[in-house]
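# A closer look at the structure
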Amino acid sequence: MTTLAPFGARLRQALDTRGQLCVGIDPHASLLSAWGLGDDVAGLESFSRTVVEALADRVAVLKPQAAFFERFGSKGIAVLERCVADARAAGALVVMDAKRGDIGSTMAAYAETFLSPGSPLFSDALTVSPYLGFGSLQPAVDLARANGCGLFALALTSNPEGAEVQRAVAADGESVAQGILRRLAAENAGAEPLGSFGAVVGATLAEAGVDLAINGPLLAPGVGAQGATAADLPRVFGASVKNVVPSVSRDVLKHGPSVDGLREAAERFVKDVSGVTNG
């Protein structure tokens, strides 16, 4: 089995060649209906295959939301396995949006599910929750590093409720979010051209208010339907904007099931983001 280059290096190349964009694969019931599909396994399979066919050979990152597949049980997981394999085979990097977080052997099992090359759900990166303590993620950190994969830890998310935990301040004056970012920066120390351990930071934030210079990628949900635009990225991310991976779901997916419609929507977002990050 071929050993992968570090995720950060592969992501940097993908962003530089395909543009700064992550498209979520979020087959929730309303989108399936809008596409004229049933809210069932057949609809799920048609939806995910169409998105992969349209975008996997041209966008940098595809991000399946595991929950929308898991709700159909084992048959839904089988569709997710095929989606991941096909997307990676076509050249897209796959970030599994599963937000896993636990301790000890359980965290290790989650890591093996998504970050072990022998797993049918093997992905290039995984979203993780550090809110049982950043150290609880160590099994995932170790396996990601060993297998050329990456992690995106929740730091400052786009949902307003997140602030009550993420903006909380410890006795030393450091916010919870800043502590997570500091630990990610330590994991990325010395990595070139980009570290493999990233943070999830919402593009909808009025301001970050933290140091985002972690030498790693910044997955930025909230662009599109949640209200953020490409023009907001420099304000939120400042000097780290080159390392931002804007994540768009509904504002691309709503243009399906037309393959051309999906491609044109993704291309518009890539162009908009390039205009503010390279301007």
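Residues numbered from 1 in each chain as written. Predicted model: local features only at pLDDT ≥ 70, side-chain atom pairs only at ≥ 80, totals over all residues. Heavy atoms only, no water.

### A closer look at the overall build of the protein
Looking only at helices and strands, one finds 12 helices and eight strands in the protein. For the protein, whose C-alpha radius of gyration is 18 Å, the value lies close to the compact-globule estimate of 19 Å for 279 residues. By principal-axis analysis of the C-alpha atoms, the protein measures approximately 55 × 45 × 35 Å. The long-range fraction of contacts in the protein, counting pairs at least 24 apart against all pairs at least 6 apart in sequence, stands at 72%. In the form shown here, the protein has an accessible surface area of approximately 11400 Å², with 51% of it arising from carbon and sulfur atoms. Each charge class in the protein was averaged separately, 23 positive and 29 negative side chains, and the resulting centres sit 3 Å apart. (Helix = DSSP H or I, 4+ residues; strand = E, 2+ residues; numbered from the N terminus. Rg over C-alpha atoms; globule rule 2.2 N^0.38 Å. Contact = heavy atoms within 4.5 Å. Areas by Shrake-Rupley, 256 points an atom, 1.4 Å probe, with all protein chains shown as cover. Lys, Arg positive; Asp, Glu negative; His and termini not counted. Charge placed at Lys NZ, Arg CZ, Asp CG, Glu CD.)

### Some words on the nonpolar core
One finds Leu 55, Leu 62, Met 96, Leu 115, Leu 151, Val 201 and Phe 237 to be the most contacted residues of the largest nonpolar core, which totals 77 residues. Discounting chain neighbours no more than four positions away, the residues touching Leu 55 are Val 23, Leu 62, Val 252, Leu 262, Arg 263 and Ala 266. Grouped together as the second largest cluster of nonpolar side chains are 16 residues, Val 95, Leu 154, Leu 194 and Val 245 included. (Core = buried A, V, L, I, M, F, W, Y, C linked by side-chain atoms within 4.5 Å. Buried < 20%, exposed > 50% of the residue type's maximum accessible area, 1.4 Å probe, protein only.)

### Concerning the environment of Ala 199
Tracing the backbone through its elements, the reader meets Ala 199 in strand β6 (residues 197-201). Sequence separation between Ala 199 and Val 128 is 71 residues; the distance between their C-alpha atoms is 9.3 Å. Filtering out sequence-adjacent residues up to four positions away, Ala 199 remains in contact with Phe 152, Ala 153, Ala 155, Leu 181, Leu 184, Ile 214, Pro 217, Leu 218 and Leu 219.

### Observations concerning the packing of aromatic side chains
To describe a pair of aromatic rings, you give the distance between the ring centres and the angle between the ring planes. Taken as a whole and judged by the stated rule, the model has two aromatic pairs. An angle of 90 degrees between the planes, with centres 6.0 Å apart, marks the rings of Phe 7 and Phe 152 as edge-to-face. Of this pair, Phe 7 sits in helix α1 (residues 7-18) while Phe 152 sits in strand β5 (residues 150-156); the two residues are 145 residues apart in sequence, bridging distant segments of the chain. Here the aromatic rings of Trp 35 and Phe 47 are separated by 4.2 Å at their centres, their planes lie at 35 degrees, and the arrangement is tilted. Placement of Trp 35 in the loop between α2 (29-34) and α3 (41-55) and of Phe 47 in helix α3 is noted, with a sequence separation of 12 residues between them. (Phe/Tyr/Trp six-rings, centres within 6.5 Å; stacked < 30°, edge-to-face > 60°.)

### A short note on the pairing of β6
Among the five residues of β6, five are classified as buried, and the element is accordingly described as predominantly covered. The two faces of β6 match: Phe 197, Ala 199 and Val 201 on one face and Gly 198 and Val 200 on the other face are all buried.

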